[in-house]
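Survey of secondary and tertiary structure
Single-letter residue listing:
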Amino acid sequence: MDHFIDLSPKSDSAKADKAFTSFLARYGNAQAIVGSNPDLVSKKRTFIDDTLEALGPNGAAEKWSPAVVAKALDCLKVLCREPSGSEFIICKEGMQVLIKYAGLAQSLTFSEKPIESESMKVMINCLRHSPECRSFYHTSAALANSIAYLHDHPTASIDSRFLILRLMFLATADPSAAPPTSLFFPVVTTALKTSTDAILRDAAGAYEPPLAGAVANEVGIVSEVLKIVFNLMLSEGVGETGGSGGPLGGLLKGNKSNTSVNTIAEHDRKSPATSFKPLLPVIVELYSRLPPAPAPYPALSPPHSHAIHVLMSFPVSSAPSAADDEAWIDSWFPGGNYGVVQQSLEILERVIAHAYGGADSAAPGSVDEKPTIGGQKVDDVLSPLLILMTHLAAGDQRAREMMRGKIMPDDIDRSKPLDKGSAVPNVMIRFMTSVTMNNVRESASELLFELSGADASVLCEYVGYGNAAGFLFHKGLLPNRPSGASGSNGDDASSTISGAILLGRGQDVNPITGETGEAERQKAAQAEWEAMTDEEKEREGERLLVLFERLNRTGIIKVATPRTGTGRS
């Protein structure tokens, strides 16, 4: 840590360059440096204070070369990764210095120089750690200037767009204190469309890493935009819980209107969901047309993961017979294209294959091993996708039928417990009884319930009473009997769900497990035979031989036995 004492507020350019270069060579990639060591915290605080004094008005940095100033800001970026000892920079006064060097002060001078980029990187760390810094950023001229620059330079460099969008994302992180949505809406709309078009022009190369020295690619840009949109929707109350109307409960319903993304006053007059409606076709196109990230990336990775969070806040249709139902449906399924459903099914299949593939002998409890995808728990990353799929199934009959064919197929194998196996239907049923994956258990159960036409009896008849009982009990819909006639609680489930889905009517099916009775008897007999000792098996064989000989003598049947050697003539 000697590098902390090699600098003074009056250091000349050469000495400062040496100190900063030495520090970055040793700690440039470090996430934490001082920990809780009070001596190191004190040295870090002094180093930051000296650097800020040099960067301040009439400071030594006025005589430093631009490269040295950029290194100084790079050092502050590294130090701000760890809040401890960073009080002099993670504050209003520190932000004032950074905003000046970023070119976002009262007079907008940002021109994509290295000093400005490095300063914004420090600001990002400050905003990440401090509500005070976030508040100062959007109450000063910095936020307005950031938005103005993106508005005037929609095709600025990827790095500049990414850094400004990341600042905007952090500025909207607290919905209760977020700036007005109208301030962001036009520039966010443009940024989303520009990046989506760029990504889809070269979908095959979308996931290529950023160029050497760059901080992001177009996927990173569109991911930041989607995160901002999600924050803005939360601040407007879109998607909040409460009320009724579909699997998300509180989705706000929009009114028919011709929204102009360039008219802020018009935007402010609309209800929240409708206000964001111009973004829906673009997000649907991105989500549907861009293939999920290839291996080794998980299928549920940006931008699809962020798109899902935004999409699940939009209504598929408004209220029954509402005038703008068709307009919402057209946004989701343009020209009858159900790509959003197909993509959701593909991602679900890939996630399940990644997390449970090959688990053919998996018991119901195996989903409680809390598998991870890309370092994140399946319980956290999969439930938003299942909620989106439930939302689509509830709002559109064709979407529901497409999902039912993959998730609740008529020809499911009932010769074994339905919750065993690694196929999508088996794992989905297994999710219903998970004891630790609470989010996935609830969202998977809701989706299966919706695919059953929101009919508790139909759900029980398909998955078995034992698998559905817990979910239906908590919903207050537990049927009085494990099986029997279906009383419709949904829309047209009884008429649209084929007879085969109702526990294979005409088959001998156990209503508790959903297995065929013959399969259960075969398994019971096999288990009983395997439990016998060799002596018991020999006695059983002798008993069968005696029985066959008796049947032969009486002429009821003619079978060959080891003793008689005779057979049927």
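These figures come from a predicted structure and were not determined experimentally.

A few points about unusual backbone geometry
Cis geometry is adopted by the peptide bond preceding proline 303, which originates at proline 302 and carries an omega value of 5°. Relative to the assigned elements, proline 303 resides in the loop between α13 (280-289) and α14 (304-311). Although it is not a glycine, asparagine 58 adopts a positive phi angle of roughly 60°. With respect to the helices, strands and loops of the structure, asparagine 58 is situated in the loop between α2 (38-55) and α3 (66-79). Under the relative-accessibility criterion, asparagine 58 is labelled exposed at 69%.

Description of the packing of helix α21 (residues 456-463) against helix α22 (residues 465-475)
As a packed pair, α21 and α22 sit with axes 7 Å apart at the nearest point and diverge in direction by 145°. Across from Ala456, Leu459, Cys460 and Val463 in α21, the residues of α22 making contact are Tyr465, Asn467, Ala468, Phe471 and Leu472. Among the residues forming the contact of α21 with α22, the class breakdown is 8 nonpolar, 1 polar and no charged.

Topic: the environment of methionine 428
Take methionine 428: it is sitting in helix α19 (residues 424-431). Beyond its immediate sequence surroundings of up to four residues, methionine 428 is in contact with Leu348, Ile352, Leu386, Ile407, Ala444, Leu447 and Leu448.

A word on the nonpolar core
Core analysis: the biggest nonpolar cluster contains 158 residues, and Trp64, Met168, Trp332, Met403, Ile407 and Met428 have the highest contact counts within it. The residues contacting tryptophan 64, other than those within four sequence positions of it, are Ser11, Asp12, Ser13, Ala16, Phe20, Ala54, Leu55, Val69 and Ala72.

Observations concerning a negative patch on the surface
Taken together, the side chains of Asp534, Glu535, Glu536 and Glu538 define an acidic patch exposed on the protein surface. Here glutamate 538 shows up in helix α25 (residues 534-554).

Topic: α22
Inspection of α22 places Tyr465, Asn467, Ala468, Ala469, Phe471 and Leu472 among the buried residues, and these make up the whole buried set. Lining the buried residues of α22 we find α19, α20 (438-451) and α21. Remark: glycine 476 follows α22 within two positions and exhibits a positive phi of approximately 70°.

With respect to the packing of aromatic side chains
Following the criterion strictly, the structure yields 10 aromatic pairs and no others. A ring pair is formed by phenylalanine 110 and tyrosine 149, whose centres lie 4.7 Å apart and whose planes are at 85°; its orientation type is edge-to-face. With phenylalanine 110 in the loop between α4 (92-102) and α5 (114-129) and tyrosine 149 in helix α7 (residues 141-152), this pair connects stretches of sequence that are 39 residues apart. For the residue pair phenylalanine 110 and tyrosine 149, the accessibility class agrees, reading buried in each case.

Things to note about a nonpolar patch on the surface
There is a patch of nonpolar side chains on the surface, built from Leu544, Leu547 and Phe548 and spanning about 220 Å² of accessible area. Tracing the chain through its elements places phenylalanine 548 in helix α25. Under the relative-accessibility criterion, phenylalanine 548 is labelled partly exposed at 34%.

Things to note about the confidence of the model for the protein
For the protein, mean pLDDT is 81; residues scoring 70 or higher make up 79% of the total. For the protein, the element scoring lowest by mean pLDDT is helix α11 (residues 264-269), at 34; α13 scores highest, at 97. Low pLDDT, under 50, characterises residues 359-365; the stretch is placed with 15 contacts to residues that sit more than four places away or in other chains.

Points about the pattern of salt bridges
Taken as a whole, this structure holds 14 salt bridges when the rule is applied. One salt bridge in this structure joins lysine 193 and aspartate 197, with 3.4 Å as the shortest N-O distance. In this pair, lysine 193 and aspartate 197 both sit in helix α9 (residues 181-201), 4 residues apart, roughly one turn of the helix. For the salt bridge of lysine 475 with glutamate 446, the shortest nitrogen-to-oxygen distance reads 3.3 Å. Here glutamate 446 lies in helix α20 and lysine 475 lies in helix α22, a separation of 29 residues in the sequence. The class for glutamate 446 is partly exposed, based on a relative accessible area of 24%. Taken together, the salt bridges that share partners define one network made up of Arg166, Glu224 and Lys227.

Quick notes on the rules
Residues numbered from 1 in each chain as written. Predicted model: local features only at pLDDT ≥ 70, side-chain atom pairs only at ≥ 80, totals over all residues. Heavy atoms only, no water. Helix = DSSP H or I, 4+ residues; strand = E, 2+ residues; numbered from the N terminus. Buried < 20%, exposed > 50% of the residue type's maximum accessible area, 1.4 Å probe, protein only. Axes fitted to C-alpha atoms, helices over the stretch in contact; angles between N-to-C directions. Contact = heavy atoms within 4.5 Å. Nonpolar A, V, L, I, M, F, W, Y, C, P; charged D, E, K, R; others polar. Core = buried A, V, L, I, M, F, W, Y, C linked by side-chain atoms within 4.5 Å. Patch = residues over 30% accessible without salt bridge, like charges linked within 9 Å, V, L, I, M, F, W, Y side chains within 5 Å. Areas by Shrake-Rupley, 256 points an atom, 1.4 Å probe, with all protein chains shown as cover. Salt bridge = Lys/Arg side-chain N within 4 Å of Asp/Glu carboxyl O. Lys, Arg positive; Asp, Glu negative; His and termini not counted. Charge placed at Lys NZ, Arg CZ, Asp CG, Glu CD. Phe/Tyr/Trp six-rings, centres within 6.5 Å; stacked < 30°, edge-to-face > 60°. pLDDT = per-residue confidence, 0-100.

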